[in-house]
Amino acid sequence: LAVGRAQRVDFVVDAAAGDLVLPTPARSGQPRSPFVQRLHRAQGLALMGPMGGNTMGRLGVFGGSFDPPHAAHQAMVQAALAQLHLDRLLIVPTGQAYHKARPLSAAVHRLAMCQAVWGDTPGVQIDPRETQRERPSYTVETLTELRAQWPGAQIFLLMGADQWSAFTTWKDWRRILDMATVAVA
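Note that this is a predicted model, so its numbers are computed, not measured. (Residues numbered from 1 in each chain as written. Predicted model: local features only at pLDDT ≥ 70, side-chain atom pairs only at ≥ 80, totals over all residues. Heavy atoms only, no water.)

### Looking at the overall build of the protein chain
Then comes step 1: When helices and strands are counted, the protein chain shows 5 helices and 8 strands.
Then comes step 2: The secondary structure elements of the protein chain, listed N-terminal to C-terminal, are β-β-β-β-α-β-α-β-α-β-α-α-β.
Then comes step 3: Across the 185 residues in the protein chain, those meeting the buried criterion constitute 43%.
Then comes step 4: Nonlocal contacts in the protein chain, meaning residues at least 24 apart in sequence, comprise 67% of its contacts between residues at least 6 apart.
Then comes step 5: Of the roughly 9700 Å² of accessible surface on the protein chain, a fraction of 54% belongs to carbon and sulfur atoms. (Helix = DSSP H or I, 4+ residues; strand = E, 2+ residues; numbered from the N terminus. Buried < 20%, exposed > 50% of the residue type's maximum accessible area, 1.4 Å probe, protein only. Contact = heavy atoms within 4.5 Å. Areas by Shrake-Rupley, 256 points an atom, 1.4 Å probe, with all protein chains shown as cover.)

Structure representation (structure tokens):
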């Protein structure tokens, strides 16, 4: 996973190596280095320990059609749990996907597939909120709801490189960057 805010980070995709990759900071008067700082298993980057009650420290959000969940989705979940030290990771199947050219399987089936894949994974919760909307779902709305539910949470939005390449076409993408740190694999 590569982690950061879009306006400040050159993303490097290296999910296969199982390492978190962060860009090396640019020095004053010098061009940004193409080299990156590789942090094996991201040791020492996160606050550790679960948060109690209605508080949340580090919250991951992984949305998608999950029609069906596949090996790359599973690898992203495992990498996020291992490297970002999340207190909770929400798997959020989309409801009405405005950007999909093909019709999706019924939400109940996609939720069941997600439950079958990740239901027993510690720290992971299947979140049906987008499937319950009677209109197209937008990430910015989901993040706004989560921010209201857990106002102090540090939110990490997980996405694949395919979605990152189209990110600037998303509804209110700049607001998304204000609400969450984007993690790209």
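### A closer look at the nonpolar core
Then comes step 1: Among the nonpolar cores identified, the biggest contains 22 residues, and Leu59, Val61, Leu143, Leu146, Ile155 and Leu157 are the most heavily contacted of them.
Then comes step 2: Apart from the residues lying within four places of it in its own chain, the contact partners of Leu59 are Leu86, Arg88, Leu90, Leu146, Trp150, Ala153, Gln154, Ile155 and Phe156.
Then comes step 3: Counting 17 residues, the second largest nonpolar core, distinct from the first, contains Ala80, Leu84, Leu86 and Ala183. (Core = buried A, V, L, I, M, F, W, Y, C linked by side-chain atoms within 4.5 Å.)

### Digging into the side chain of Asp67
Then comes step 1: Its place among the elements puts Asp67 in the loop between strand 4 (58-64) and helix 1 (71-84).
Then comes step 2: A polar contact of 3.1 Å, which involves the side chain of Asp67, links it to the side chain of Arg102.
Then comes step 3: Among the polar contacts listed, one links the side chain of Asp67 to the side chain of Ser105, at a separation of 2.7 Å. (Polar contact = N/O pair within 3.5 Å; in protein donor to acceptor, adjacent residues only side chain to side chain.)

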